[in-house]
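# Secondary and tertiary structure notes
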Amino acid sequence: MLAMVLREIGAALVPEERPDPDPGPGELRIRVEACAVCRTDIHVIDGDLPQAVYPIVPGHEVVGRVEAVGAGVTAPRPGMRVGVPWLGHACGHCAYCETGRENLCDAPGFTGCTRDGGFASHLLAEAAFTIPLDARLDPVATAPLLCAGLIGWRTLRMAGDAGTVGLYGFGAAAHIVAQICRWQGRRVFALTRPGDRDAQDFARTLGAAWAGGSDEAPPEPMDAALIFAPDGNLVPRALGALRKGGRVVCGGIHMSDIPAFPYDRLWGERSVHSVANLTREDARTFFAVVPQAGLVTHTRTYALTRANEAVADHRSGALRGAAVLVP
């Protein structure tokens, strides 16, 4: 197998030939068909996540076919298509797991962070944490749904029944969430990097009622603001753009420090929430919605060996949608 390996924090990914891995009890060996690049992969590369181990093969938006199964695995079977998301393991017995909050598990495992991920031709995954996928799906189009889609979905659900939703950072997650909002009948305001006219035009094509820079005030107060950009400065800005009772939801795993702000931005029963990881229930509900909402992902494909280029393009914001690696 071929893997693109991050040997140390801040290093370039390097190709490495390895023997095909043998699945252990409860595991699958999966032949990767496509793996999207996520902002979290950049955080792993930059050393922003204390739980990450090195060397590591990044990648947690994986679509592939089961090649072999370990002892005790009865499903999925060889030949079936599955998705491998960020949450790769949960203990099953801590207080969080026992109350349906496995995303907060005290002893989790994360694909492409604590265990090797999908920037490779093959990977191992726990069978119980893979997502069954329709064999007719396009692997490249589906790959971004495994994190940008799932985290976007969880972030949107945390916003409750907000009628007007602001999306700060219009990348892979926001371009999916905008489509869901349109299907649900919500209004979307897209707030991009200041001056990024291309992203603003892209947002309008996906149904945004207004698009502008994150340094601008939206045309009216919003019911909720979803922040996907890892910039803590956006939190007080978003609070200042909310109606009373509005909610800011931070959808990223890492963000720069949030600056001090006056209490009156929070007053009026405004609130700030974070989204941590995802659950298998999120996957079940989200993938039921995908065909109903007619979601279309916008992607640019790269050969696996061009992983560094794909990461750089994602980091710079040069993409409409998501970068996807194809072995």
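Everything quoted here is computed from the prediction, not taken from an experiment. (Residues numbered from 1 in each chain as written. Predicted model: local features only at pLDDT ≥ 70, side-chain atom pairs only at ≥ 80, totals over all residues. Heavy atoms only, no water.)

A few words now on the packing of aromatic side chains. The tally for this structure, following the rule as stated, stands at 5 aromatic pairs. Considering the side-chain rings of Trp 86 and Phe 110, the 4.8 Å spacing of their centres and the 15° angle between planes classify their relative orientation as stacked. On the criterion of sequence distance, the pair formed by Trp 86 in the loop between strand 5 (81–84) and strand 6 (87–89) and Phe 110 in strand 7 (residues 109–110) is long-range, its members being 24 residues apart. Judged by centre distance (5.9 Å) and plane angle (85°), the ring pair of Phe 170 and Phe 202 falls under edge-to-face. Pair noted here: Phe 170 is in the loop between strand 10 (164–168) and helix 4 (172–184) and Phe 202 is in helix 5 (residues 197–205), with a separation of 32 residues, a long-range link. The rings of Trp 153, Phe 286 and Phe 287 are connected pair by pair, giving a single aromatic cluster. (Phe/Tyr/Trp six-rings, centres within 6.5 Å; stacked < 30°, edge-to-face > 60°. Helix = DSSP H or I, 4+ residues; strand = E, 2+ residues; numbered from the N terminus.)

Of all hydrophobic cores here, the largest spans 97 residues; its most connected members are Phe 119, Leu 167, Phe 170, Leu 226, Phe 286, Phe 287 and Leu 325. Broken down by element, this core gets its largest block of residues, 8 residues, from helix 4. Leave out the neighbours within four places in its chain, and Leu 167 touches Ala 174, Val 177, Ala 178, Val 188, Phe 189, Ala 190, Leu 191, Leu 226 and Phe 228. Counting 15 residues, the second-largest nonpolar core is a separate cluster that includes Leu 191, Trp 210, Ala 238 and Leu 242. (Core = buried A, V, L, I, M, F, W, Y, C linked by side-chain atoms within 4.5 Å. Buried < 20%, exposed > 50% of the residue type's maximum accessible area, 1.4 Å probe, protein only. Contact = heavy atoms within 4.5 Å.)

Another aspect to go through is the packing of helix 3 (residues 148–158) against helix 4. At their nearest, the axes of helix 3 and helix 4 sit 8 Å apart, and the two run at 50° to each other. If you check the angle between helix 3 and helix 4, you find them oblique. Seen along the crossing, helix 3 lies across helix 4 with a hand that is right-handed. Contact residues: helix 3 offers Ala 148, Gly 149, Gly 152, Trp 153 and Leu 156, while helix 4 offers Ala 172, Ala 173, Ile 176, Val 177, Ile 180, Cys 181 and Gln 184. A per-class count over the contact of helix 3 with helix 4 returns 9 nonpolar, 3 polar and no charged. (Axes fitted to C-alpha atoms, helices over the stretch in contact; angles between N-to-C directions. Parallel < 35°, antiparallel > 145°, perpendicular 65-115°, else oblique. Left-handed = near helix turned anticlockwise from the far one by under 90°. Nonpolar A, V, L, I, M, F, W, Y, C, P; charged D, E, K, R; others polar.)

Examined against the element boundaries, Asp 41 turns out to sit in helix 1 (residues 39–46). Notably, Asp 41 is buried but unbridged: the nearest opposite-charge side chain belongs to Arg 39, and the N-O separation is 9.6 Å. Polar contacts involving the side chain of Asp 41 include one to the main-chain amide nitrogen of Cys 38, which spans 2.8 Å. (Lys, Arg positive; Asp, Glu negative; His and termini not counted. Salt bridge = Lys/Arg side-chain N within 4 Å of Asp/Glu carboxyl O. Polar contact = N/O pair within 3.5 Å; in protein donor to acceptor, adjacent residues only side chain to side chain.)

Quick look at the pairing of strand 11 (residues 187–192) now. Along strand 11, 5 of the 6 residues are buried, which leaves the element largely enclosed by surrounding structure. Inspection of the sheet shows strand 10 paired to strand 11 by 5 bridges, in the parallel sense. Across the sheet, Leu 167 pairs through a bridge with Ala 190, a residue of strand 11. Regarding the hand of the β-α-β motif, the stretch spanning strand 10, helix 4 and strand 11 is right-handed. (Pairing = 2+ DSSP bridges. Right-handed = clockwise from strand over helix to strand, strands pointing away.)

Moving on: the environment of Val 69. Looking at the secondary structure, you find Val 69 in strand 4 (residues 62–69). The exposure class of Val 69 is partly exposed, given its relative accessible area of 31%. A sequence separation of 185 residues divides Val 69 from His 254, and the C-alpha atoms of the two residues are 34 Å apart. With sequence-adjacent residues up to four places away left out, Val 69 is seen in contact with Pro 23, Glu 27, Leu 28, Pro 76 and Pro 78.

This brings us to the environment of Arg 31. Structurally, Arg 31 can be placed in strand 3 (residues 27–36). A C-alpha to C-alpha distance of 31 Å links Arg 31 and Ala 229, two positions 198 residues apart in sequence.

Before going further, it helps to spend a moment on the sheet that holds strand 12 (residues 210–213). The parallel open sheet is built from 6 strands, whose spatial order is 12-11-10-13-14-15. Strands with a single pairing partner mark the edges of an open sheet, and in this sheet they are strand 12 and strand 15 (271–274). Each strand of the sheet is rotated relative to its neighbour by a mean of 20°, with strand direction disregarded. Along the sheet, helix 3 makes contact with strand 13 (222–227), strand 14 (242–250) and strand 15, crossing strand 14 at roughly 155°. On top of the sheet, helix 5 reaches strand 11 and strand 12; it is set at about 165° to strand 12, its chief contact.

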